[in-house]
Amino acid sequence: QVQLVESGGGLVQDGGSLRLSCAASGSILSLVMGWYRQPPGKQRELVARTSSSSTNYADSVEGRFTISTDNAKNTVYLQMDSLKPEDTAVYYCNAVNYRNVNFWGQGTQVTVSS
């Protein structure tokens, strides 16, 4: 059973940067780790995902966001640069194991002001 805890959300101005952290309860080496977000009034969408073999980003964030892992700390990060008001959303950490079971964090609010 994987438990995920997000942190690092907050209020930032248009063009600013923010780094989100997701701490897992155990090793993430065998997991596919990702970040999703849910803007107000919209469905949850994939932001970025990474595994040992590949990394991918949503078109809307590619070039601005970077997903990375610190395996020694069992932590995945989302570095968000050049933030835009449309990036405002609740951001969720996600993990998928070899049995295709999904685990979710509680979410952290990111608000980008105009």
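All of the points below concern the structure found in this document. (Residues numbered from 1 in each chain as written. Predicted model: local features only at pLDDT ≥ 70, side-chain atom pairs only at ≥ 80, totals over all residues. Heavy atoms only, no water.)

### Quick notes on the packing of aromatic side chains
Then comes step 1: Within the structure shown, the criterion is met by one aromatic pair.
Then comes step 2: Ring plane angle 65° and centroid distance 5.1 Å describe the contact between Tyr36 and Trp104, whose orientation is recorded as edge-to-face. Note that Tyr36 is positioned in strand E4 (residues 32-38) and Trp104 in strand E10 (residues 102-104), a separation of 68 residues in sequence.
Then comes step 3: Residue classification places Tyr36 among the buried positions, given a relative accessible area of 15%.
Then comes step 4: Directly above the ring of Trp104 sits Arg44, whose terminal nitrogen or CZ lies 4.6 Å from the centroid. (Phe/Tyr/Trp six-rings, centres within 6.5 Å; stacked < 30°, edge-to-face > 60°. Helix = DSSP H or I, 4+ residues; strand = E, 2+ residues; numbered from the N terminus. Buried < 20%, exposed > 50% of the residue type's maximum accessible area, 1.4 Å probe, protein only. Lys NZ or Arg CZ within 6 Å of the ring centre and 35° of its normal.)

### What to know about the state of the cysteines
Then comes step 1: Overall, the coordinates contain one disulfide when judged by the stated rule.
Then comes step 2: A disulfide bridge connects Cys22 with Cys93, and the sulfur atoms are separated by 2.0 Å. Here the S-S torsion is close to -80°, and the disulfide linking Cys22 with Cys93 is therefore left-handed. Residue Cys22 is found in strand E3 (residues 18-24), and its partner Cys93 is found in strand E9 (residues 89-96); the two are separated by 71 residues along the sequence. Across the pair, Cys93 and Cys22 agree in class, each one buried. (Disulfide = S-S within 2.5 Å.)

### So, the pairing of strand E11 (residues 108-113)
Then comes step 1: Only one face of E11 is covered, namely the face carrying Thr108, Val110 and Val112; the face carrying Gln109, Thr111 and Ser113 is uncovered.
Then comes step 2: Sheet topology places strand E2 (residues 10-13) next to E11; four bridges connect them, and they run parallel. Bridging from a neighbouring strand, Gly10 pairs with Val110 of E11.
Then comes step 3: With three bridges connecting them, E9 and E11 associate as antiparallel partners. Looking across to E11, one finds that Val90 is bridged to Gln109. (Pairing = 2+ DSSP bridges.)

### Things to note about the pattern of salt bridges
Then comes step 1: Within the structure shown, the criterion is met by three salt bridges.
Then comes step 2: Taking the shortest distance from any N to any O, the salt bridge between Arg37 and Glu45 comes out at 2.7 Å.
Then comes step 3: Assessed through its relative accessible area of 4%, Arg37 is described here as buried.
Then comes step 4: Through salt bridges with shared partners, one network takes in Arg37, Glu45, Arg64 and Asp87. (Salt bridge = Lys/Arg side-chain N within 4 Å of Asp/Glu carboxyl O.)

### A closer look at the sheet that holds strand E8 (residues 75-80)
Then comes step 1: The strand order across the open sheet built from four strands is E1-E3-E8-E7, with neighbouring strands paired in antiparallel fashion. The sheet terminates laterally at strand E1 (4-7) and strand E7 (65-70), the two strands that pair on one side only. This sheet shows a mean twist of 15° between the axes of neighbouring strands, independent of strand direction.
Then comes step 2: As defined by bridge partners, E3 adjoins E8 across six bridges and the pair is classed as antiparallel. Bridge pairing links Arg19 to Gln79 in E8. (Axes fitted to C-alpha atoms, helices over the stretch in contact; angles between N-to-C directions.)

### Description of the nonpolar core
Then comes step 1: By size, the foremost hydrophobic cluster in this structure holds 28 residues, and its most contacted members are Leu4, Trp35, Leu78, Met80 and Tyr91.
Then comes step 2: At the level of elements, E3, E4, strand E5 (45-50), E7, E8, E9 and E11 are the ones that each hand at least two residues to this core.
Then comes step 3: Not counting residues up to four positions away in its chain, the partners in contact with Tyr91 are Glu6, Leu20, Trp35, Tyr36, Arg37, Val47, Phe65, Leu78, Met80, Gly107, Thr108 and Val110. (Core = buried A, V, L, I, M, F, W, Y, C linked by side-chain atoms within 4.5 Å. Contact = heavy atoms within 4.5 Å.)

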